[in-house]
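# Coordinate analysis (summary)
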Amino acid sequence: MYQAPVNEFHILLKALGYLRTHWWLFVLEVAVIYGISLHKFHKTPPVYESDATLLIDTTRRQLYQTVLMSASSANNARKQNMVHLLSGQEVLERFRNQLTEIYNEGNPGYLKSLFPGGVAYPAHVLRNFVSLVWDKNSDIYSIHCTSHNPDAAQALCLAYLNTIQNYYPEIGQRESLLKRDFLTRQISSFVNQIKDKEQAIVDYQRNNPDFINFLNLTVDNQGVQKLRAEKNNIVHKMATNRAIYKLVLSIPRAKKGEHTARATTIAALTQKVTELQYQINLTEKSNHPDKEGRLRILRHDLDEITAQLSTLNEEEVQTFMKTPLPAADVRQKVASLEIEYRADQIKLANVEKEVEAFSQKEKLFNQQRLQYERLFMELNHKKRLLTNLYQKQQETEVELSAGGAEIYRLQEPTRTGHRVAPQLSKHMYGSLSLSLFVIAISVVLLVAGFPRLDSETEVHRLNLPVIGKVPLIKKQGANEDLPGYSLEYLKIMNYRIMREMRDAKCPIIVVSSPHAREGKSTVTHFLSLAAQNPVRKTLLIDGDLLTSHPNKFFGILEDHTPGLKSILENPTMTDYQSLIVKTSFDGIYFLPRGGRFDPSVMANFSKPMEQVLAALRKEYDTIYIDTPPLFSSNLAHQWAGLGDLIVLVARLFHTRPKDIVEAIQTCKVFSKSPVGLALNCVRLSGPTKRASNYYFSKKKPAPPPRLAA
């Protein structure tokens, strides 16, 4: 079956359809997410904060900053190192002691959470409550402390500020002193290593004289690469020599004097042309009365000589192409090429000997050469490192000469009664973002894992044979309970069914569906109601032997008559009218099931039912048969073989596309009757509903306009 491509707009409409039908699932997901978020907000303890700032005056370091080229980067590195040092384990231990002293003075209740069992938390735990940051544009440092109580946060900030102010003078120059000692030890170690490397190079040169001579020779002659390049040039030159040699020998020789005689004639004619052109120029400038006659004669002579000269030049070119060189020139050229070739052979042999000698020496001294170069590389690397260490040592000396720094309090620890966390707005915004994400994922999973018919557009895209549609009716009941526009839709479907069955006297319409709960029995009931006519008789047969929905629709008990069950149990029975019940609607009759019947005891009842339907055709104008779902029982397949038209009910937002396509193919296997699709529960929009309710609008007609008297 042809299937049109799906575009992005169709996917969006399908997703919106899932949002409309599965809103309860999305509401449940949002409720769960918000419930978990509120529970976490309720269980999370409050967090309060306190801030303080201090200034470490470094004006005496200006000399150090003017000496160094990268003063700003060095200053930032110093600040970062200072922060790491003031946040180290040693400072935190002193901070713990300072906090213990504050607690022992008055045992404040707000610090009890930091002293479980009367003992303060370890230093690594207290690190989570305090933080120190630095400003890259100034010498200001900021202290930030958090706790579950505002007074505790202020006490933490005050204790940490006192610890830094009391401890800083001891460590003001510690970093620079440690750096200088480290650089001094490194310089001494590198000096000794350089001396050892230089002595190793001298000993190596003394113990390997042949290798040193080879290196000197390689440097003087530029090594074997130059010889190999020269060898390649000689080989190329010899190849060119041989090619020219063969070319000269392949050219035929010219006859003696052949080029000379023609060349002499060409030269004479060329001279004659020059003279005629000169005479023409003089004649054109003269005022003689016979000027025109003489010019005509001179130009005629010039044309004849030019034609002769052109012919001779063409002959000369053709002759030169055939016999380009005289025999004497060929012999001279061949001799010079042969002498040059033999000289190149001698040069090539000498170069190959030199290359072979150098190659043997390279193989012999290759490992020693690598070792010798490695010694020099290590020596140069050590010298560069030593130079950098000397520079660092000088910078450290300048830094020490700049002296220490003084510390000042810019802001005392603050105390605010407003908690900073947890914040309800953040939990709500986080829950909103997570809810949108979960809804989007749920829609994608529904679209991918549970495809279904979402709209009439989907049906048209699948190219399904639609015979009619049933609007969504919330209140089901008698004919007068149906909305007017819904009844019109059902009548239109009946008209289409009658048009398809116009050749049949009493058409038998079999109504089925792929699965249960798709509105099959309801649609059958509505079609029978829409087909009521005082002059036409319509029969509704309950062909589903397992359920009794049609009985409930008409208010008839299940065992009101023996019904279809008695016909199947007694095939010889002919009094069918006694089993049929006349309903309260004009022209509508109903054949109930009569009782629950297991279709497995009669695997094939199509033969006896053919006789029954043939007899009923003579009594009624239209017969509707309500059957079980196609994929639930083989009973529907047997009913399909007895009908003149098969109507498959597809419920929007419930039936899957592949199920309805497979159901159509199944009906075509068991019956040759045409198959039509009835769309159930079609939601009508505002404009569509108004158009469908054209004859049934409750609007009062407008009064006629008053005419002029």
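Heads up: the structure comes first, above all this text.
These remarks concern the structure in this document. (Residues numbered from 1 in each chain as written. Predicted model: local features only at pLDDT ≥ 70, side-chain atom pairs only at ≥ 80, totals over all residues. Heavy atoms only, no water.)

## Description of the sheet that holds strand S13 (residues 645–651)
The strand order across the open sheet built from eight strands is S7-S14-S13-S8-S12-S9-S11-S10, with neighbouring strands paired in mixed fashion. For this open sheet the edge positions go to strand S7 (466–471) and strand S10 (581–582), each flanked by a neighbour on one side alone. Pairing between strand S8 (residues 508–512) and strand S12 (residues 622–626): four bridges, direction parallel. The partner of isoleucine 508 across the bridge, within S12, is isoleucine 623. Its contacts with the sheet put helix H17 (residues 520–530) on S7, S8, strand S9 (538–542), strand S11 (588–591), S12, S13 and strand S14 (675–682), and the angle it makes with S12 is roughly 165 degrees. (Pairing = 2+ DSSP bridges. Helix = DSSP H or I, 4+ residues; strand = E, 2+ residues; numbered from the N terminus. Contact = heavy atoms within 4.5 Å. Axes fitted to C-alpha atoms, helices over the stretch in contact; angles between N-to-C directions.)

## Comments concerning the pairing of strand S3 (residues 140–147)
The alternating pattern of S3 places Tyr141, Ile143, Cys145 and Ser147 on a buried face, while none of Ile140, Ser142, His144 and Thr146, on the opposite face, is buried. Inspection of the sheet shows strand S1 (residues 48–57) paired to S3 by eight bridges, in the antiparallel sense. Residue pairing for S3: serine 50 is matched across the bridge by cysteine 145. Pairing geometry for strand S2 (residues 130–134) and S3, over five bridges, is antiparallel. Bridge pairing links leucine 132 to isoleucine 143 in S3. Between S2 and S3, which pair antiparallel in sequence order, lie five residues. (Buried < 20%, exposed > 50% of the residue type's maximum accessible area, 1.4 Å probe, protein only.)

## As for the packing of helix H16 (residues 484–500) against H17
At their nearest, the axes of H16 and H17 sit 9 Å apart, and the two run at 85 degrees to each other. It follows that H16 is roughly perpendicular to H17 by the angle criterion. Here H16 contributes Leu487, Leu490, Lys491, Met493, Asn494 and Ile497 to the contact with H17, which in turn contributes Phe526, Leu527 and Ala530. (Parallel < 35°, antiparallel > 145°, perpendicular 65-115°, else oblique.)

## Brief notes about H16
An α-helical turn contains 3.6 residues, so a residue and the one three or four places further along point in the same direction. Helix length check: H16, at 17 residues, gives a terminal C-alpha distance of 25 Å against a target of 24 Å (1.5 Å per residue), a fit within 8%. Among all positions in H16, only Gly484, Tyr485, Ser486, Leu487, Tyr489, Leu490, Met493, Asn494 and Ile497 are buried. (Expected span 1.5 Å × (residues − 1).)

## What about H17?
Of all the eleven residues making up H17, eleven are buried; the element is thus mostly covered by neighbouring parts of the structure. When we look at burial in H17, the residues that qualify are Lys520, Ser521, Thr522, Val523, Thr524, His525, Phe526, Leu527, Ser528, Leu529 and Ala530.

## As for the pattern of salt bridges
Inspection of every chain in the model, using the stated rule, returns ten salt bridges. The salt bridge involving glutamate 378 is made with lysine 197; its shortest N-O contact spans 2.4 Å. Note that glutamate 378 is positioned in helix H13 (residues 327–401) and lysine 197 in helix H8 (residues 174–207), a separation of 181 residues in sequence. The residue glutamate 412 makes a salt bridge to arginine 409 at a minimum N-O spacing of 3.1 Å. Classification of arginine 409 as partly exposed rests on a relative accessible area of 29%. (Salt bridge = Lys/Arg side-chain N within 4 Å of Asp/Glu carboxyl O.)

## Focus on unusual backbone geometry
Glycine aside, a negative phi is what most residues show, and trans is what most peptide bonds show. Between alanine 421 and the following residue, proline 422, the backbone shows a cis peptide bond with an omega angle of -5 degrees. Unusually for a residue other than glycine, arginine 517 sits at a positive phi of about 60 degrees. Along the chain, arginine 517 turns up in the loop between S8 and H17. Unusually for a residue other than glycine, cysteine 681 sits at a positive phi of about 60 degrees. As for its position among the elements, cysteine 681 is in strand S14.

## Re the nonpolar core
The tendency in soluble globular proteins is for nonpolar side chains to be buried side by side. In this structure, Leu54, Phe95, Leu132, Ile143, Tyr160 and Ile164 are the most contacted members of the largest nonpolar core, which totals 34 residues. Among the elements that take part in this core, helix H7 (residues 150–171) stands out by supplying ten residues, more than any other. Beyond its immediate chain neighbours, meaning those up to four positions away, isoleucine 164 contacts Leu54, Leu86, Leu132, Ile143 and Ile407. The next biggest cluster of nonpolar side chains, apart from the first, holds 28 residues, and it includes Leu487, Ile497, Phe554 and Val581. (Core = buried A, V, L, I, M, F, W, Y, C linked by side-chain atoms within 4.5 Å.)

## Some remarks on the packing of helix H2 (residues 23–43) against helix H14 (residues 424–449)
In contact at an axis separation of 9 Å, H2 and H14 are set at 150 degrees when each is read in the N-to-C sense. With respect to H14, the axis of H2 lies roughly antiparallel. Judged by the sense of rotation from one axis to the other, the crossing of H2 with H14 is right-handed. Here H2 contributes Phe26, Glu29, Val30, Ile33, Tyr34, Ser37, Leu38, Lys40 and Phe41 to the contact with H14, which in turn contributes Leu424, His427, Met428, Ser431, Leu432, Leu434, Ser435, Val438, Ile439, Ser442, Val443 and Leu446. Tallied by class, residues from the contact of H2 with H14 come to 14 nonpolar, five polar and two charged. (Left-handed = near helix turned anticlockwise from the far one by under 90°. Nonpolar A, V, L, I, M, F, W, Y, C, P; charged D, E, K, R; others polar.)

## Here's the deal with the packing of aromatic side chains
For the structure shown, the criterion picks out four aromatic pairs. Aromatic pair tyrosine 121 and phenylalanine 129: ring centres 6.4 Å apart, planes at 15 degrees, arrangement stacked. The partly exposed category is assigned to tyrosine 121, whose relative accessible area is 26%. For phenylalanine 129, a relative accessible area of 17% puts it in the buried group. Stacked on the ring of tyrosine 620, the Lys or Arg lysine 537 has its end atom at 4.8 Å from the ring centre. (Phe/Tyr/Trp six-rings, centres within 6.5 Å; stacked < 30°, edge-to-face > 60°. Lys NZ or Arg CZ within 6 Å of the ring centre and 35° of its normal.)

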